[in-house]
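Architecture and fold: a report
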Amino acid sequence: MKRLPSVNERGLKDRADSILIEVVGDRLSRVVPVLGAFSGGTLNYRVVRAVGRTTIRYYESKIDPMLAEEIWLDGDREHA
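This section reports on the structure supplied with the text. By convention here, each chain's residues receive numbers from 1 onward along its written sequence. The model is predicted, so local features are restricted to residues of pLDDT at least 70 and side-chain atom pairs to those at 80 or more, both for listing and for counting; the totals for chains, interfaces and linings are taken over all residues. Hydrogens and water molecules were not included; the side-chain quantities draw on all heavy atoms of the structure.

1. Things to note about the overall build of the protein chain
Stated formally: Elements are defined by DSSP. Helices are runs of H or I of four residues or more, strands are runs of E of two residues or more, and each kind is numbered from the N terminus. Only protein chains enter the area calculation, which uses a 1.4 Å probe; residues under 20% of their type maximum are buried, those over 50% are exposed, and those in between are partly exposed. The Shrake-Rupley method, run with a 1.4 Å probe sphere, supplies the accessible areas, and residue values consider only the shown protein chains as cover.
Each helix and strand counted, the protein chain has 2 helices and 0 strands in total. In the protein chain, which comprises 80 residues, the share counted as buried stands at 0%. Element-wise, carbon and sulfur atoms account for 64% of the exposed surface of the protein chain, whose accessible area totals about 7,900 Å².

2. Points about a positive patch on the surface
Note the threshold: Patch criteria: residues need more than 30% relative accessible area and no salt bridge. Like-charged residues are merged within 9 Å; nonpolar side chains of Val, Leu, Ile, Met, Phe, Trp and Tyr are merged within 5 Å. When a carboxyl oxygen of Asp or Glu is within 4 Å of a side-chain nitrogen of Lys or Arg, the pair counts as a salt bridge. We treat Lys and Arg as the positive residues and Asp and Glu as the negative residues; His and chain ends play no part in the count. A charged residue contributes its charge at one atom only: NZ of Lys, CZ of Arg, CG of Asp or CD of Glu.
Taken together, the side chains of Arg46, Arg49, Arg53 and Arg57 define a basic patch exposed on the protein surface. By the element assignment, Arg53 lies in helix 1 (residues 7-62). Given the relative accessible area of 43%, Arg53 is considered partly exposed.

3. Quick look at the packing of aromatic side chains
To be explicit about the condition: Pairing of aromatic side chains here covers Phe, Tyr and the six-membered ring of Trp, requires ring centres within 6.5 Å, and sorts the geometry by plane angle: under 30 degrees stacked, over 60 edge-to-face, intermediate tilted.
One pass over the full model with this rule turns up 1 aromatic pair. When the centroid spacing of 4.9 Å and the interplanar angle of 85° are considered together, the rings of Tyr58 and Tyr59 count as edge-to-face. Classification of Tyr59 as exposed rests on a relative accessible area of 53%.

4. Some thoughts on a nonpolar patch on the surface
Taken together, the side chains of Leu20, Val24, Leu28 and Val32 define a hydrophobic patch exposed on the protein surface, amounting to about 360 Å² of accessible area. Considering the arrangement of structural elements, one finds Leu28 in helix 1.

Structure follows, in structure tokens:
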């Protein structure tokens, strides 16, 4: 016949569970913001790079190659 746990055994188990939850929750509350900042920064970096490359391709397709070369060789002094 299986013995039922006593009130004290259940109380200790419940207390141990709550301590474990507190410890894990405390550590997660420190780690999650760091992971969020890292992933947000990475996503932002990649999106900005992709938009930049797309913008360069778009404007390169709109300008005459000879004019682009002339601007590049002059160093674009007008905008310096």
